[in-house]
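Observations on the model geometry
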Amino acid sequence: MTTPFVCGCGRCQWCRDGQAQVCPDQTQPGFTHWGSFAEYVALHAADANLVAVPGVIGDAAAAGLGCRFATAYRALTARARVTRGEWVTVIGAGGVGLSAVQIAVAAGARVVAVDRTPAALALARSLGAEHTVLTGPGERSDGGADRGEHAADVAAQIHDLTGGGSHVAVDAVGTPSTCADAIHSLRRRGRHVQVGLLPSVGGHPAVPMDRVIAWELDVLGSHGMASADYPSLLRLVEAGTLRPQALVERVVGLAEGARLLPSVDVASPVGITLIDPRLL
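What comes next is a walk through the structure. (Residues numbered from 1 in each chain as written. Predicted model: local features only at pLDDT ≥ 70, side-chain atom pairs only at ≥ 80, totals over all residues. Heavy atoms only, no water.)

A few words on the overall build of the protein chain. Check the secondary structure of the protein chain and you find 10 helices and 8 strands. Whereas a compact globule of 280 residues would reach a radius of gyration of roughly 19 Å, the protein chain reaches 19 Å, a difference of no more than 12%. In terms of principal-axis extent, the alpha carbons of the protein chain reach across some 50 × 45 × 45 Å. With 280 residues in all, the protein chain has 46% of them scored as buried. Accessible surface for the protein chain amounts to roughly 13600 Å². Of this, 55% is attributable to carbon and sulfur atoms. (Helix = DSSP H or I, 4+ residues; strand = E, 2+ residues; numbered from the N terminus. Rg over C-alpha atoms; globule rule 2.2 N^0.38 Å. Buried < 20%, exposed > 50% of the residue type's maximum accessible area, 1.4 Å probe, protein only. Areas by Shrake-Rupley, 256 points an atom, 1.4 Å probe, with all protein chains shown as cover.)

A word on the sheet that holds strand β6 (residues 218-221). Spatial ordering of the open sheet is given by β3-β2-β1-β4-β5-β6, a layout of 6 strands whose pairing is parallel. The open sheet is flanked by β3 (131-134) and β6, the only strands paired with a single partner. The mean inter-strand angle of the sheet, taken between neighbouring strand axes irrespective of direction, is 20 degrees. Here strand β4 (residues 166-171) pairs with strand β5 (residues 186-194) via 5 bridges, running parallel. Each bridged residue has a counterpart across the sheet, and for S166 the counterpart in β5 is L186. Sheet strands in contact with helix α6 (residues 154-162) are β1 (87-91), β2 (110-115), β3, β4 and β5, and its direction is about 160 degrees off that of β2. (Pairing = 2+ DSSP bridges. Axes fitted to C-alpha atoms, helices over the stretch in contact; angles between N-to-C directions. Contact = heavy atoms within 4.5 Å.)

Glancing now at the pairing of β5. Regular strands have side chains that alternate between both faces of the sheet. With respect to chirality, the unit in which β4 leads through helix α7 (residues 176-184) into the neighbouring parallel β5 is right-handed. Across 4 bridges, β5 lies against β6 in parallel orientation. Note that in β6 the partner of H192 across the bridge is V219. (Right-handed = clockwise from strand over helix to strand, strands pointing away.)

Right, here's the structure in full:
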């Protein structure tokens, strides 16, 4: 069994309409109540939130769905509605971003992945990204064909690589600069999906609304995925079309997980780390 990280109450109109990810009375184990990294976790409205996982899907693939893979799946399929042949720019090659790369490629899209870590971009390429752009002062792209010498202007590079800008952009990081890069990377009438949570330090972050208005861009928020939407995702995982387990870098026990968690905000991992409480 698995469950969304956003659990609906199961009673409100949003839940009844299959949109539990925006339930006004939602709960999130580990945030709204005790949960995560335990042998047992209390789940509210379990009849509305538990999802059966087909037996052929292994533990790593099931655990890898988590927040990241399911969130990226809904962002691209239900919110951006990406179609075959479109250009998709993914800003951030962490768990959500790499999931978005794999999902976009499976949908037949052409992907540009953007990140500050060369190894993460190499993994994005192995998942099907057509181009990568390495960000950061003085750094160069990991592939000569990418022409991404220094991302002083990420958007300009993406416009060059895609012949006029992406049809869809995903900010999988959540900073004012990555949000702006994603929006500016779009072609006219493109669609931006904000997945990374933007901090509200000093007020809400500035969003380049002048570009949004002038180019008639769609700006879409995406917040997890309701249990009602899991069957279509699980069918693709069961068929091998999507492979969340390919993003798993390592599996650690609780003791190692406790050591790693305090540094999560400064680490530069490649892929995702799973915590298995059964391991010592």
